[in-house]
Amino acid sequence: MTGEAGEIVLSKRELREVTAFAAACAEVVLEIFETDQPDDSRPRDAVSAAWEFARGGGRGKSLRDTASAALKAAKCADTAAAREAAWAAMSAAGAAYLHPLPKATQVKHILGADAYAARAAELVADDDRSVGAAHLEQAVHRATPVVVDVLKRFPAAPSGGGRVGELIRVLDADLRSLTLVEDPPS
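Residues numbered from 1 in each chain as written. Predicted model: local features only at pLDDT ≥ 70, side-chain atom pairs only at ≥ 80, totals over all residues. Heavy atoms only, no water.

On to the packing of aromatic side chains. Per the stated rule, a full pass over the model turns up one aromatic pair. When the ring of Trp-87 is compared with that of Tyr-116, the centres are 5.7 Å apart and the planes differ by 55°; the resulting orientation is tilted. Pair noted here: Trp-87 is in helix H5 (residues 80-94) and Tyr-116 is in helix H6 (residues 107-124), with a separation of 29 residues, a long-range link. Its relative accessible area of 25% is what places Trp-87 among the partly exposed residues. Residue classification places Tyr-116 among the buried positions, given a relative accessible area of 10%. The side chain of Arg-64 reaches across the aromatic face of Tyr-97, ending 3.9 Å from its centre. (Phe/Tyr/Trp six-rings, centres within 6.5 Å; stacked < 30°, edge-to-face > 60°. Helix = DSSP H or I, 4+ residues; strand = E, 2+ residues; numbered from the N terminus. Buried < 20%, exposed > 50% of the residue type's maximum accessible area, 1.4 Å probe, protein only. Lys NZ or Arg CZ within 6 Å of the ring centre and 35° of its normal.)

This is how it looks when you write it as structure tokens:
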């Protein structure tokens, strides 16, 4: 579905589902950051704020602030894995701000949290790429029909972005290949 001038129409329900997907993906690697920085709650706060929005909360300044704080927390991390985990949390909070622009770069708002989380998991496992692949497989199972439908409205993920970009493209292709049927409304 598109709006005027090619804009992609996104309902609040769809934004909430995309954000819930991103929060679930980021949540599984919070421990990686917290092991590195046990006294820093900023990434967990960002994921909590994402869940709050996903469950019906507002999409305002405090949500943006938690995303920004998680980004700052990443800069304080001592390990690359912890940094990636914090970026996953930042991306989860940022998913609520998916722009209705038909641009491939917007795919990162949908899939970035999981790609960063997968990369964090790989790094903890001595850069074992099979760990990232397993993480992406879990994300495919976690994705709802709404998330897949929203993703399919955007162009395929762009090239570039290093290993995280590669993970985004793999997840993008995997999700686009799915044929899911949404449950009828109750």
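What follows picks up the thread again.
In this section: the environment of Ala-95. Along the chain, Ala-95 turns up in the loop between H5 and H6. In the structure, Ala-95 is positioned 44 residues away from Ala-139 in sequence and 15 Å away in space, judged by C-alpha atoms. In this structure Ala-95 touches Leu-15, Val-18, Thr-19, Ala-22 and His-109, once residues within four positions along its chain are discounted. (Contact = heavy atoms within 4.5 Å.)

As a further point, take unusual backbone geometry. Positive phi, normally seen in glycine, also occurs at Asp-126, with a value near 55°. Its place among the elements puts Asp-126 in the loop between H6 and helix H7 (129-142). A residue is classified by how much of its surface remains accessible, and Asp-126, at 73% relative accessible area, is exposed.

Let's shift gears to the nonpolar core. Residues Val-47, Ile-110, Leu-111, Val-150, Phe-154 and Leu-175 are the most contacted members of the largest nonpolar core, which totals 64 residues. With nine residues, H6 is the single largest residue contributor to this core. For Ile-110, the contacting residues outside a window of four places in its chain are Val-18, Phe-21, Leu-98, Val-147, Val-150, Leu-151 and Phe-154. (Core = buried A, V, L, I, M, F, W, Y, C linked by side-chain atoms within 4.5 Å.)

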